[in-house]
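Commentary on secondary and tertiary structure
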Protein chains: 2
Amino acid sequence: MIAKDIPDIVVSRLPRYLQTLEHMQKDGIRTTSSQELGDLIGISAAQIRKDLSQFGEFGKQGKGYSVDFLVDQLRQILNVNRSWDIVLVGAGNLGHAIANYQGFGNHGFSIVMIFDSDPALIGQKIGNLTVQDAAQMVDLVRASGIKVGMITVPAQAAQAVADELVKAGIQAILNYAPINLTVPEGVHVQHVDPIIYLQRMTYYLA
Amino acid sequence: MIAKDIPDIVVSRLPRYLQTLEHMQKDGIRTTSSQELGDLIGISAAQIRKDLSQFGEFGKQGKGYSVDFLVDQLRQILNVNRSWDIVLVGAGNLGHAIANYQGFGNHGFSIVMIFDSDPALIGQKIGNLTVQDAAQMVDLVRASGIKVGMITVPAQAAQAVADELVKAGIQAILNYAPINLTVPEGVHVQHVDPIIYLQRMTYYLA
DNA sequence: GCAATTTCGTGATAATTTGCACAACACTTC
DNA sequence: GAAGTGTTGTGCAAATTATCACGAAATTGC
Ligand SMILES: NC(=O)c1ccc[n+]([C@@H]2O[C@H](COP(=O)([O-])OP(=O)(O)OC[C@H]3O[C@@H](n4cnc5c(N)ncnc54)[C@H](O)[C@@H]3O)[C@@H](O)[C@H]2O)c1
Ligand SMILES: NC(=O)c1ccc[n+]([C@@H]2O[C@H](COP(=O)([O-])OP(=O)(O)OC[C@H]3O[C@@H](n4cnc5c(N)ncnc54)[C@H](O)[C@@H]3O)[C@@H](O)[C@H]2O)c1
């Protein structure tokens, strides 16, 4: 599913479609329409149709979309019809919560390595993984071929960790530290920062 | 600083500006330019100037922006030149990590109540807060006047919790559960979902 | 089997968002 | 105090994004 020229803003909506469709699937709904999906997500039916039409013709006039089929197609498009191994750096409070989180498995992701620099944490078990020494990260990650990383270290260490992840061959980073990461072209970063989301809302509060 | 008709997309960038400026402030930088700020964040200088000009004239030609002044202005615009009390619902793994997280305090937020429905957790201390019984949530939150809530319960409970928060007078919800919440007009929701961010990146991976 | 209904995919159109480029101003240097 | 440099704020143009609306296809009801 090679991307010719799909706008980023379209791609950014697809995971939301997939998530909603997977819920429908679990609820036993076999068929849906752009209208129904749009109502659930809160966007217009036309936008959903146009977004999907960028990738193919997935629906049937008069009938709508097969939920199963559309889930399958979206998984292919998003490259999650496989499992991506993930390396997690930072085994503190947040790192523990994420490592124990069972929600990744069904959606194409699996945390397979955890690193920390604190000797007190190295060797500790989290679930069925053992916290490893951050000093060995670059070598181990490079050898493993892992392409996706998560950063849950304090802000002042995050850029250095990102640099190492890049050195280790990581191409996508989910960053939980409240700081802007600078990475080479071709490396993708997404930033999860609750404060930014909260401030987006307080703007609208009296 | 209630402006007329600022596009949502502009508002959504302001917290990022504020965050970056606060870092500059901590680093002792007194003055900056739209160019410098843009380089750090990864957007164009013109966009930053245009965004800020929606709210006033904060810069000086030839000199740039005073970091302190701009931080102060952005805090006013975003309504975080005060502290917002927050109620957290769900004292599980993630709830614990968030409740223990020290990062909110400096940015206009403070978790002041935690609720859970699990009798084993009610009464437990997290930091200096005590987990309270979710059955009493509506009354206690309403009485407190809190306007901002966070949901860290399992997906299947999230909508019910959201409904209760709305009933309790909450106007802004930060939702960590991987499900789409339906709320009345006027209530703001932001969704934090790591899987969505990961999938946005794997699209671009080979 | 045919009319009515549903819903898709999409070209055309409208709206929004971004980028450009420059006058205006402020500071620096000599 | 004049020339030179830097940087803002903004009108306008360009690019991007969303919406509209309709033909075509599929289904339903009678
Ligand atoms: N806890 C939360 O709910 C939460 C929420 C949002 C954001 N964050 C952010 O996530 C990050 C972690 O938060 P936390 O509460 O888990 O902090 P924490 O202090 O509990 O954990 C940080 C961990 O990172 C490790 N570390 C530090 N430098 C390292 C390095 N160079 N290499 C490897 N490991 C290193 C530390 O040893 C520690 O175990 C912070 O940046 C925080 O701002 C946390
Ligand atoms: N842990 C993570 O890293 C992580 C990451 C992303 C998203 N999430 C999401 O966050 C949510 C919580 O994850 P977790 O790992 O902390 O789960 P968890 O099971 O550890 O915690 C959930 C808590 O919610 C409580 N709860 C359930 N129903 C409730 C109700 N009606 N009212 C009040 N409390 C109720 C439970 O008693 C439990 O303590 C889930 O929706 C999960 O998908 C978690």
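Coordinates for the structure precede this section.
Report follows, based on the coordinates. (Residues numbered from 1 in each chain as written. Chains lettered and ligands numbered in written order. Predicted model: local features only at pLDDT ≥ 70, side-chain atom pairs only at ≥ 80, totals over all residues. Heavy atoms only, no water.)

**Brief notes about the relation of the copies chain B and chain A**
Once chain B is rotated about the relating axis by 180 degrees and shifted along it by 0.0 Å, it coincides with chain A to within an RMSD of 0.1 Å. Taken together, the turn and the small shift mark the pair as related by a two-fold rotation axis. Relative to the rotation axis, the C-alpha of Ala97(B) is the closest in chain B, positioned 3.3 Å from it. When the interface residues of chain B are mapped onto chain A, 100% of them again fall at the interface, so both copies present the same face. (Least-squares fit on C-alpha atoms with pLDDT ≥ 70 in both. Contact = heavy atoms within 4.5 Å.)

**Points about the site of ligand 1**
What surrounds ligand 1 is a group of 24 residues, the closest being Asn93(A), Leu94(A), Asp116(A), Val153(A) and Tyr101(B). Site remark: ligand 1 is flanked by residues from chains A and B. A distance of 2.8 Å is found between an oxygen atom of ligand 1 and a backbone nitrogen or oxygen belonging to Leu94(A). Protein contact buries 80% of the 830 Å² of open area that ligand 1 shows by itself. Listing elements by their share of the shell around ligand 1, those giving two or more residues are helix H5 (93–100) and helix H7 (155–167) of chain A together with helix H5 (93–100) of chain B. Here the shell around ligand 1 takes 3 residues from H7(A), the largest share from any one element. The residue inventory of the shell around ligand 1, partitioned by class, reads 17 nonpolar, 5 polar and 2 charged. (Near = heavy atom within 4 Å. Polar contact = N/O pair within 3.5 Å; in protein donor to acceptor, adjacent residues only side chain to side chain. Areas by Shrake-Rupley, 256 points an atom, 1.4 Å probe, with all protein chains shown as cover. Helix = DSSP H or I, 4+ residues; strand = E, 2+ residues; numbered from the N terminus. Nonpolar A, V, L, I, M, F, W, Y, C, P; charged D, E, K, R; others polar.)

**So, the sheet that holds strand E4 (residues 84–89) of chain A**
Residues and elements named next belong to chain A. Reading across from one edge, E6-E7-E5-E4-E8-E9-E10 is the order of the 7 strands in this open sheet, with mixed pairing throughout. At either end of the open sheet lies a strand with only one pairing partner, and these are strand E6 (125–126) and strand E10 (188–191). Sheet analysis places E6 next to strand E7 (residues 129–133), joined by 2 bridges and oriented antiparallel. Across the sheet, Ile-126 pairs through a bridge with Leu-129, a residue of E7. (Pairing = 2+ DSSP bridges.)

**What to know about the protein's contact with DNA strand D**
Residues in close proximity to DNA strand D total 23 residues, the closest being Ser34(B), Arg49(B), Gly59(B), Gly62(B) and Tyr65(B). A distance of 3.1 Å is found between a phosphate oxygen of DNA strand D and a side-chain nitrogen or oxygen belonging to Gln47(A). One nitrogen or oxygen atom from the main chain of Gly62(B) is found 3.0 Å from a base nitrogen belonging to DNA strand D. Looking at the surface near DNA strand D, the elements that each hand over two or more residues are helix H1 (8–26) and helix H3 (45–53) of chain A together with helix H3 (45–53), strand E2 (59–60) and strand E3 (64–66) of chain B. Classifying every residue of the surface near DNA strand D gives 4 nonpolar, 11 polar and 8 charged.

**Re the sheet that holds strand E1 (residues 31–32) of chain B**
Residues and elements named next belong to chain B. On the basis of which strands lie adjacent, the open sheet formed by 3 strands has the order E1-E3-E2 and antiparallel pairing. One side of each edge strand has no neighbouring strand; the edge strands of this open sheet are E1 and E2. As defined by bridge partners, E2 adjoins E3 across 2 bridges and the pair is classed as antiparallel. When the bridges of E3 are listed, Gly-59 appears paired with Tyr-65. Lying over the sheet, helix H4 (residues 67–77) contacts E1 and E3, oriented at roughly 75 degrees with respect to E3. (Axes fitted to C-alpha atoms, helices over the stretch in contact; angles between N-to-C directions.)

**What to know about the interface of chain B and chain A**
Taken together, the contact pairs 59 residues of chain B with 59 residues of chain A. For the pair chain B and chain A, the summed buried area comes to about 5500 Å², and 64% of that belongs to carbon and sulfur atoms. Viewed at the interface, chain A and chain B are joined by 0 salt bridges. Taken together, the connections running from chain B to chain A amount to 21 residue pairs in polar contact (both at pLDDT 80 or more). When residues of the side of chain B that touches chain A are traced back to their parent elements, those giving at least two are helix H1 (8–26), helix H2 (34–41), strand E4 (84–89), H5, strand E8 (148–151), strand E9 (172–175), strand E10 (188–191) and helix H8 (194–202) of chain B. (Buried area = accessible area lost by both parts, 1.4 Å probe. Salt bridge = Lys/Arg side-chain N within 4 Å of Asp/Glu carboxyl O.)

**Let's talk about the pairing of E9(B)**
Residue and element names in this part refer to chain B. With burial as the criterion, each face of E9 is covered, one bearing Ala-172 and Leu-174 and the other bearing Ile-173 and Asn-175. In terms of strand pairing, E8 meets E9 through 4 bridges, oriented parallel. Considered in E9, the bridge of Ile-151 is made with Asn-175. The parallel pair E8 and E9 is bridged by helix H7 (residues 155–167), and the resulting crossover is right-handed. (Buried < 20%, exposed > 50% of the residue type's maximum accessible area, 1.4 Å probe, protein only. Right-handed = clockwise from strand over helix to strand, strands pointing away.)

**Some details on H5(A)**
When H5(A) is considered as a whole, its buried residues turn out to be Gly95(A), Ala97(A), Ile98(A) and Ala99(A). Buried residues belonging to H5(A) abut E4, strand E5 (109–116), E6 and strand E8 (148–151) of chain A together with H5 of chain B.

**Examining the packing of aromatic side chains**
A complete count under the given rule lists 8 aromatic pairs over all chains for this structure. Plain terms: the ring middles of Phe55(A) and Tyr203(B) are 6.4 Å apart, the flat faces sit at 85 degrees to each other, and that makes the pair edge-to-face. A residue pair is termed interchain when its members come from two chains, as with Phe55(A) in the loop between H3 and strand E2 (59–60) and Tyr203(B) in the segment after H8. Exposure class is identical for Phe55(A) and Tyr203(B). Each is buried. Here Tyr101(B) and Phe104(B) contribute two aromatic rings whose centre-to-centre distance is 5.2 Å and whose plane-to-plane angle is 80 degrees, an arrangement assigned as edge-to-face. By way of ring pairs, the aromatic residues Phe55(A), Tyr203(B) and Tyr204(B) are connected into one cluster. When the ring centre of Trp84(B) is taken as origin, the NZ or CZ atom of Arg82(B), which lies over that ring, is 3.5 Å away. (Phe/Tyr/Trp six-rings, centres within 6.5 Å; stacked < 30°, edge-to-face > 60°. Lys NZ or Arg CZ within 6 Å of the ring centre and 35° of its normal.)

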